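# Coordinate analysis (summary)
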Amino acid sequence: LSILYSTLSILRHNHFQSGGFDLGIYDQSVWQYSRFMWPYNTIKDRFILGDHLTLTLPLLSPLYWIWNDVRMLLIFQSAWISFSTIAIYKIVKLRFEKNINNLLNTNKNVKRVGIIAFCLAAIYSLFYGIQYLVYFDFHPVVIGVGLLAWIAYFLESKNTKLLTISIILLLLTQENMGLALFGLGSIYVFQPAYQKMAFIFMALGIASSFLASRFITFFSPVGFEYRPEVVMNPQILMTRFFDSPEKKQVWWWSFASFSFLPLLSPGAVFAVTSDLFQYFTTGDHFVQMWTPYKHHRAILGVFLTLGTIDVLRVCNQILKRNQIVYIVIGLLFVTLGLQFYWHLPLNKLTKSEYWKNDAWMRNNSKLFSLVPPDGAVAAQQNFVPHLSHRQKIFLVWPREHDFDERPCGQTSCWWLDFDKSAEYLVVDTRPDQWLTQILESNEHWNNAIQNMERAGIITLITSVGDARMYKVLPKKIFDISLEGLVY
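Below: a short report on this structure. As a convention, each chain's residues are numbered from 1 in the sequence order in which they are written. Thresholds applied to this predicted model are a pLDDT of at least 70 for local features of residues and 80 or more for the giving and counting of side-chain atom pairs; totals over whole chains, interfaces and linings are not thresholded and use all residues. Excluding hydrogens and water, the side-chain values take into account all heavy atoms of the structure.

## Overview of the environment of histidine 52
Threshold: Going along the chain from the N terminus, every DSSP run of H or I of four or more residues is numbered as a helix, and every run of E of two or more is numbered as a strand. Throughout this description, a polar contact denotes any pair of N or O atoms lying within 3.5 Å of each other; where both atoms belong to protein, one of them has to be capable of donating a hydrogen while the other can accept it, and for residues adjacent in sequence the pair is counted only when both atoms sit in side chains.
Looking at where histidine 52 falls in the secondary structure, it is placed in the loop between β2 (46-47) and α3 (63-66). Sequence-wise, histidine 52 and serine 220 are 168 residues apart; in three dimensions their C-alpha atoms are separated by 9.5 Å. A polar contact of 2.6 Å, which involves the side chain of histidine 52, links it to the side chain of glutamate 175.

## What about the pairing of strand β6 (residues 412-417)?
As a general feature of sheets, a regular strand has side chains that alternate between the two faces. The test is simple: Partly exposed describes any residue whose relative accessible area lies between the buried limit of under 20% and the exposed limit of over 50%, with all areas from a 1.4 Å probe on protein chains only and scaled to the type maximum. What makes two strands pair is DSSP finding at least two bridges between them.
In terms of burial, β6 is a largely internal element, five of the six residues being buried. In this sheet, β6 lies alongside strand β5 (residues 397-402) in antiparallel orientation, the contact comprising six bridges. By the bridge assignment for β6, proline 398 is matched with leucine 416.

## Things to note about the pattern of salt bridges
Note the threshold: Take a side-chain nitrogen of Lys or Arg and a carboxyl oxygen of Asp or Glu: if they are within 4 Å of each other, that pair is a salt bridge.
For the structure shown, the criterion picks out 13 salt bridges. In this structure, glutamate 353 engages lysine 356 in a salt bridge whose closest nitrogen and oxygen atoms are separated by 4.0 Å. Residue classification places glutamate 353 among the exposed positions, given a relative accessible area of 53%. Among the residues examined, lysine 356 registers a relative accessible area of 39% and is labelled partly exposed. Among the ionic pairs, aspartate 358 bridges to lysine 356, the shortest N-O distance being 3.9 Å. Bridged by salt links that share partners, the residues Lys44, Arg46, Asp51 and Glu225 form one connected network.

What follows is the structure, given as structure tokens:
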């Protein structure tokens, strides 16, 4: 699984489908930590802790001592999330070994429990949220998802020391991991043996997320960006859980991934609802976080798996002759069927197109080798994570500006906005680039480059195919700079 997921994400990156958000942001920060530098993120123009409270990122910095390449983050992400399937496997073994019709001592039933545990771990590992977490760049939330699975195991195995360490690491991973701990507590609050710890999880989770969001404001020039805006009208609040096709798709995919069994678990339903609450009920402010196609849905995999285990354990007490193993095998076949029906990311590895290394990709890579390693570089969205091992890397934004002068022959011109301290501009001018790669249409993108070249803002140094590196001429910048804009 680690190899498959690593291959999936590395190929995506090699083919220039990764971006400054989020791979470039976190790559620059981890690289800075690995070099004992001040982790100031030039992509978002702030100290990294002013974006998210990612206090566990420094723990990843030794990865770059092994291999100083952004792909190490992708390999770590794949290996860590795969490692969490062991926690799920061990939880199932723990739950079922003691009560599988009181026939534990027979080899047949030991094997049966192993099959159940393996199938549920596989279902968890193929959850759509986890696949898109791996497929969509890198995000610290992957650390939290893995820790959440192990916290559940350490709780049930009564390993207090590792439980405490894991909870601390979880809360240091990101400000909303406290809400994830709250969700985990809401599952165990329905189990008498764990109710006390469940309430501690819930209280600690809410308190830590509140404090973490306050802490971020000390490092952010704009305050805490992700503050939810919750309406008090109950009717509107409930409607917002289902008022867009993307939200409905998340609900459908989440429960269908486990054959809807978690719907019979009050704790799982409450946990999923509490997690989606922070995104779905706050209006359009978090519209980019509604989608099932990014990292935001991965945490649901832990909640839904635990809910499925709860339901199956009850079924096991009702059914005779250990028929639960056949149900679980059936669940795995449903998951494998949905894998192909929904065309989830792992399917891409079966497509020859996904493995192709086109000439323009090779051209881009060759150009990158010519970029000065210590230079301050401005680059398009999908170039940023290939060039972010440096102190200054800037994201280029194509925008239309009105000028008093006529740098493009008229007062309204397409232009490239980036930080004025950039020394080099690295871009791709080939046609048919994606909107996610250049943040505008190909026509406007190339017009902006041509306008700045004509105005003498940039001058071509070298090119490889359609990939180009320009020198930014600082004296020219201030001649046409506008108040409130970079250029």
